[in-house]
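Here's the letter readout for the chains.
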Amino acid sequence: MKELLDLNIYGKMREKKFFITLILLIGVTIGCLYLLSFIKEKINLSYAHIFMLSLTVLLLSFFILLLFRYLIILILSLLAHFRYKRELPKEEDLKTISIIMPVYNEEKILSTVINSLLNLNYPKDKYEIIIVDDGSKDNSYQIAYQFLKNEKGIKLKLLRQENQGKAKALNRAISESQGEIILSIDSDCVITKNSLIYGVRHFRDEKVGAVAGNVKIWNQDKLFMKLQALEYMEGLNFNRQALSFLNKVNIVPGAIGFFRKEILEKVGLYNGNIYAEDCDLTLRILKAGYKVIYEPKAVVYTEAPESIACLFKQRYRWTRGILQAVKKNNHLLYHSKASFSLILSYLLLIYEAFFWPAMNLIAHLFFTLLALLYGFIPFLFIWWFSLTLLDFSSACYAYVSDKKSENNTYNNKKILFSHLPLLVLIYRLFYLLLIDTIKVFAFLEEVLNLEMGWQRIKIAGKLNGYLVKEKV
Amino acid sequence: MKEVITILSAIVLGVTLITLIFSLVIYILFRLKINRKSNLNDKKITTEKEGEEEIFIRYQPKENEKN
């Protein structure tokens, strides 16, 4: 009854806010039209000039907004950094963990991944591993089967089912789990030794519902992968660290995410209808009022796509998935208990997934047109140069901050500080423009509801070198 | 100084144009591939597979549990 009443109240609030937004939009449109005719009369400008002027003002406003966003992220990230002074728990206080891992056609690196799970620095009787083979067509199941005979004394459960998708495989594993904490991990990721201890320490706070880990790129041997590594460091993890200060991290990545099991059962498990099931689940946890934080020292290494086509597939899937999750959880904005920080975190998700990429693309097209039609080349240069400066400053901070989460792992191909200036130049000039274009296409397809598939990404199997290189 | 900025601007403009055209081409190829795949799937005769389900559990008890 109470739930019905709540729904009714939300429905009414939603209607009210919808009408207020509609009235505001109509008001702004009338105001703009009035301003347009006023400018035309007083200054005697043509409509083409007014259009150019308005677009310039608009882009300038977006640039200021971006500057503001960088500043906020930097300050929050610094504050979050000082908060990570939390002590590690004593052995008797460690919670029981179920590591769940869905597997589909991962024969190339599966043994390395399982080996990393069996060699974690955590009491052997306090964690179990549940592997769900989701109908692999290669030898993944046979490889995982061999590990049942491990002599480590760790409980290992191997489940096999017909191919039903990642979300269903994860839910199946959760239903078989016995730990208080669930660690979901991707089967193309290698986990570092101390990740469990660092991730679990936050769960002493009863209000913590989930902890996002730090995803890093292992195969940084080519420029293209180095650019992706920079994006993970400066774009994804940097944002997570900042939002962590507000306890409102908006995506707990599927690659490494810790969840309190009772909360997962309360908010509902993974949703198979959404391509970014991790984002959807995180939003539901946040909506239920729990804290979601980021732990930079809980690290997994993953393989980055080695071709542009594969990167395109990956980012297209991520963007459409995030948009689906955002759409599904939009009632969060009308939720009476939604705090300012929660709304900010939600809006940041939209900003990163669509708003900023669209603006960046529009700016590039606009300045390119100005250059080609009127010969105003420096505008494009100024736009690019200002963004590059911003990227460089945040990349320097993210680099130094990321250094502290090395977690005793050795990777001789990783980005060096001296690489940063050149890398950031190419990053902004080519890489981010490419990523933003993909995001805009993905957004348009999501709006038009065009068909999409999971689009599997090929990996080269370079993670196999991981255990050899880890320092003891 | 002015010449330097003009040259740099021209480079930025060139790379921007190439990236934009390149992204568009990649997108078109990507979309064509999805459409082709979906057409193939439509033509494929789906056969129902028998559900397979296996569970294996391995647990090495600790020394004190063995007794």
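Before reading on, note that the structure itself is shown above.
Keep in mind that what you see is a predicted model, and the values were worked out from it rather than measured.

What counts, and at which threshold
Residues numbered from 1 in each chain as written. Chains lettered and ligands numbered in written order. Predicted model: local features only at pLDDT ≥ 70, side-chain atom pairs only at ≥ 80, totals over all residues. Heavy atoms only, no water. Axes fitted to C-alpha atoms, helices over the stretch in contact; angles between N-to-C directions. Helix = DSSP H or I, 4+ residues; strand = E, 2+ residues; numbered from the N terminus. Parallel < 35°, antiparallel > 145°, perpendicular 65-115°, else oblique. Contact = heavy atoms within 4.5 Å. Nonpolar A, V, L, I, M, F, W, Y, C, P; charged D, E, K, R; others polar. Core = buried A, V, L, I, M, F, W, Y, C linked by side-chain atoms within 4.5 Å. Buried < 20%, exposed > 50% of the residue type's maximum accessible area, 1.4 Å probe, protein only. Phe/Tyr/Trp six-rings, centres within 6.5 Å; stacked < 30°, edge-to-face > 60°. Lys NZ or Arg CZ within 6 Å of the ring centre and 35° of its normal. Patch = residues over 30% accessible without salt bridge, like charges linked within 9 Å, V, L, I, M, F, W, Y side chains within 5 Å. Areas by Shrake-Rupley, 256 points an atom, 1.4 Å probe, with all protein chains shown as cover. Salt bridge = Lys/Arg side-chain N within 4 Å of Asp/Glu carboxyl O. Lys, Arg positive; Asp, Glu negative; His and termini not counted. Charge placed at Lys NZ, Arg CZ, Asp CG, Glu CD. Pairing = 2+ DSSP bridges. Expected span 1.5 Å × (residues − 1). Bend = angle between axes of the 7 residues up to and from the residue.

1. As for the packing of helix α7 (residues 223–245) of chain A against helix α13 (residues 420–448) of chain A
All names here are of chain A. For the pair α7 and α13, the least separation of the axes is 10 Å and the interaxial angle reads 85 degrees. Looking at the two axes, α7 sits roughly perpendicular to α13. For the pair formed by α7 and α13, the contact residues are Leu223, Phe224, Lys226, Leu227, Gln228, Leu230, Glu231 and Glu234 on the first element and Leu420, Leu423, Val424, Ile426, Tyr427, Tyr431 and Ile435 on the second. Counted by class, the contact of α7 with α13 contains eleven nonpolar, one polar and three charged residues.

2. A closer look at the nonpolar core
Counting 146 residues, the largest nonpolar core has Ile99 and Ile285 of chain A as its most contacted members. Apart from the residues lying within four places of it in its own chain, the contact partners of Ile285 of chain A are Gly209, Ala210, Phe259, Ile263, Leu264, Val267, Tyr290 and Val292 of chain A.

3. Side note on the packing of aromatic side chains
Residues and elements named next belong to chain A. Enumeration over the complete set of coordinates arrives at 23 aromatic pairs over all chains. Measuring from ring centre to ring centre gives 5.8 Å for Phe63 and Trp383, while their planes differ by 55 degrees; the resulting arrangement is tilted. You can see Phe63 sitting in helix α2 (residues 47–83) and its partner Trp383 sitting in helix α12 (residues 377–403), a full 320 residues away along the chain. Exposure remark for Phe63: the relative accessible area of 17% places this residue in the buried category. Between Phe381 and Trp384, the aromatic rings sit 5.8 Å apart at their centres with planes inclined by 45 degrees, giving tilted as the arrangement. Placement of the pair is Phe381 and Trp384 together in helix α12, with a separation of three residues, close to one helical turn. By relative accessible area, Phe381 is classed as buried at 10%. Of the residues examined, Trp384 reaches a relative accessible area of 9% and is grouped as buried. Positioned above the aromatic ring of Tyr70 is the side chain of Arg69, whose terminal nitrogen or guanidinium carbon lies 4.9 Å from the ring centre.

4. Examining a negative patch on the surface
Residues and elements named next belong to chain A. On the surface, a cluster of negative charge is made up of Glu180, Glu206, Glu262 and Glu265. With respect to the helices, strands and loops of the structure, Glu180 is situated in the loop between α5 (166–176) and β4 (181–185). For Glu180, a relative accessible area of 40% gives the class partly exposed.

5. Concerning the pairing of strand β7 (residues 256–260) of chain A
All names here are of chain A. With five of five residues buried, β7 lies mostly within the body of the structure. With burial as the criterion, each face of β7 is covered, one bearing Ile256, Phe258 and Arg260 and the other bearing Gly257 and Phe259. With five bridges connecting them, β4 and β7 associate as antiparallel partners. Bridging from a neighbouring strand, Ile185 pairs with Ile256 of β7. When strand β6 (residues 208–217) meets β7, the two strands line up antiparallel, connected through three bridges. Its bridge partner lying in β7, Ala212 is registered against Gly257.

6. Thoughts on α13 of chain A
Residues and elements named next belong to chain A. When the terminal C-alpha atoms of α13 are compared, their 39 Å separation across 29 residues agrees well with the 42 Å that a helix rising 1.5 Å per residue should span. Along α13, the largest kink reaches about 45 degrees and is centred on Tyr427. Looking one or two places after α13, you find Asn449, whose phi comes out positive at around 60 degrees.

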